[in-house]
Amino acid sequence: MIVAIFRTRTVDNLPADYEEKSARMVELASAAPGFVSYKNFGAADGERVSIIEFESAEAMRAWQQHPEHMEVQKWGREHLYTEFKLQVLTPVREYSFTRPAADS
C-alpha cells in the first residue's frame, strides 16, 4: 500500500472549470489499475487535504505520469494553487476496528 497526502491552498476565486477538472481526475484515478481510495477534506483555515491510496508504488507512479493528469497538474500550478505539499508514504503499521452491529 502506498499513501499520498496532498495538502493544498487555492486562489480565492476558483477557475470556472475547476469542478469539471476535479471530477475528471477523480474519475480517471478511480479507474486506474491499483487504485484503492480517495478522500478529500477541508479545514476551517482554507487548507484542503486529499488522501489517495494505491496498491503499489508502481501503480501510483503510473497515475502520476498519466498524460491527462500531468496536464491538470500543470494547470493547477498555473491557475489554482497558491501552495501545495505532497507526501508519498508507505504505512508503517495498519490496524482497524469495526463495532459489531447491535442485535435487534
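Everything that follows concerns the structure shown earlier in this document.
Residues numbered from 1 in each chain as written. Predicted model: local features only at pLDDT ≥ 70, side-chain atom pairs only at ≥ 80, totals over all residues. Heavy atoms only, no water.

Quick notes on the layout of surface pockets
Then, number 1: The volume enclosed by the largest pocket comes to roughly 980 Å³.
Then, number 2: Around the largest pocket sit 37 residues that line it, and Phe6, Ser50, Ile52, His69 and Tyr81 are the ones nearest its centre.
Then, number 3: Looking at the lining of the largest pocket, the elements that each hand over two or more residues are β1 (2-10), α1 (18-31), β2 (35-42), β3 (48-54), α2 (57-64), α3 (67-80) and β4 (81-89). (1 Å grid on protein atoms, 1.4 Å probe; cavity = no way out; pocket = protein on both sides within 12 Å on 5 of 7 lines; lining within 4 Å. Points joined across faces, edges and corners; volume = space filled by probe spheres on them. Helix = DSSP H or I, 4+ residues; strand = E, 2+ residues; numbered from the N terminus.)

Focus on the packing of aromatic side chains
Working definition: an aromatic ring pair is given by the centre-to-centre distance plus the angle between the planes.
Then, number 1: As enumerated under the stated definition, the model contains four aromatic pairs in all.
Then, number 2: Relative to Phe84, the ring of Tyr81 lies with its centre 5.5 Å away and its plane at 65 degrees, an arrangement referred to as edge-to-face.
Then, number 3: Residue Tyr81 is classed as partly exposed on the basis of its relative accessible area of 24%.
Then, number 4: Residue classification places Phe84 among the partly exposed positions, given a relative accessible area of 42%.
Then, number 5: Through a chain of ring-to-ring contacts, the aromatic side chains of Phe6, Tyr81 and Phe84 assemble into a single cluster.
Then, number 6: A cation over a ring is seen here: Lys21 above Trp75, with NZ or CZ 5.2 Å from the ring centre. (Phe/Tyr/Trp six-rings, centres within 6.5 Å; stacked < 30°, edge-to-face > 60°. Buried < 20%, exposed > 50% of the residue type's maximum accessible area, 1.4 Å probe, protein only. Lys NZ or Arg CZ within 6 Å of the ring centre and 35° of its normal.)

Quick look at the nonpolar core
Then, number 1: Counting 16 residues, the largest nonpolar core has Met25, Phe35, Ile52, Phe54, Met60 and Trp63 as the members making the most contacts within it.
Then, number 2: Counting only elements with at least two residues in this core, the list comes to β1, α1, β3, α2 and α3.
Then, number 3: Apart from the residues within four sequence positions on either side, Phe54 is in contact with Met1, Ile2, Ala32, Pro33, Gly34, Phe35, Val36, Ala59, Met60 and Trp63. (Core = buried A, V, L, I, M, F, W, Y, C linked by side-chain atoms within 4.5 Å. Contact = heavy atoms within 4.5 Å.)

In short, geometric facts, not functional conclusions.
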